[in-house]
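Examination of the molecular architecture
If you want the building blocks of each chain, they are given just below.
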Amino acid sequence: FRYLHGRFPEDLDTAEEFDVVTALAFFEHVQDDERDAIADACFAALAPGGHCILTIPSPAVDHILTVLVGLHVIDGMHEGEHHGFDVRRTPDIFENAGFKLLTRGRFQLALNNLFVFEKLES
């Protein structure tokens, strides 16, 4: 594997195709009006048959974090940085970009969601 440092998709060489794009605990931070463009950019970056792997926290995590910040157990959280994203919208956003949903699951006491999408062969 090769780690590419920078902002996605601005710093990506558009001439190169990848086998996998990962977005771990990222998509909930994207503004609502940018989500379709991010899904389209993931699709464009992948070779046919490539996979896009996402993890997205469940909405309950926001409530837990609010309590933990209030108790001063954690810090560094900024109110609203998840932009109120409803994780249930993820399949529609990525399927509209041309992906096929392969896997959807939950982990970490169902507080986190895993999505694996495939770019279908053209």
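Residues numbered from 1 in each chain as written. Predicted model: local features only at pLDDT ≥ 70, side-chain atom pairs only at ≥ 80, totals over all residues. Heavy atoms only, no water.

1. Focus on the nonpolar core
Heads up, the condition is: Only buried Ala, Val, Leu, Ile, Met, Phe, Trp, Tyr and Cys residues count toward a nonpolar core, and they belong to the same one when joined by side-chain atoms within 4.5 Å. For every residue, the accessible area (1.4 Å probe, protein chains only) is compared with the maximum for its type, and the residue is labelled buried under 20%, exposed over 50%, or partly exposed between those bounds. Starting at the N terminus, helices and strands are each numbered in turn, a helix being any DSSP run of H or I of at least four residues and a strand any DSSP run of E of at least two. Contacts: residue pairs with any heavy atoms within 4.5 Å of one another.
Judged by nonpolar contacts, the single largest core of 22 residues is most densely connected at Phe 27, Cys 52, Leu 54, Phe 94 and Phe 99. Looking at this core, the elements that each hand over two or more residues are strand E1 (18-24), helix H1 (35-45), strand E2 (46-57), helix H3 (90-96) and strand E4 (112-119). Setting aside its immediate chain neighbours within four residues, Phe 94 contacts Phe 27, Ala 39, Cys 42, Cys 52, Leu 54, Phe 99 and Phe 117.

2. Some words on the state of the cysteines
As used here, a disulfide is simply a covalent bond connecting the sulfur atoms of two cysteines. Filter applied, for reference: Only a pair of cysteine sulfur atoms within 2.5 Å counts as a disulfide in this structure description.
In the structure shown here, the tally under the stated rule is 0 disulfides. Cys 42 forms no disulfide, and the closest cysteine sulfur to it belongs to Cys 52, at a distance of 4.0 Å. According to the relative accessible area criterion, Cys 42 is buried, its value standing at 4%.

3. Concerning the pairing of E4
Rules: What makes two strands pair is DSSP finding at least two bridges between them.
Counting buried positions along E4 yields 6 of 8 residues, so the element is predominantly enclosed. The sheet contact formed by E2 and E4 spans 7 bridges and is antiparallel. Its bridge partner lying in E4, Ile 53 is registered against Val 116. Strand direction decides the pairing type here: strand E3 (residues 99-107) and E4, joined by 8 bridges, are antiparallel.

4. Describing unusual backbone geometry
Peptide bonds are trans in most cases, and residues, glycine excluded, mostly fall at negative phi. Looking along the chain, the bond that leaves Phe 8 and enters Pro 9 is cis, with omega of 0°. Position of Pro 9 relative to the elements: it lies in the segment before E1. Look at Gln 108: it is not a glycine, yet its phi comes out positive at around 55°. Here Gln 108 is to be found in the loop between E3 and E4. Residue classification places Gln 108 among the exposed residues on the basis of a relative accessible area of 52%.

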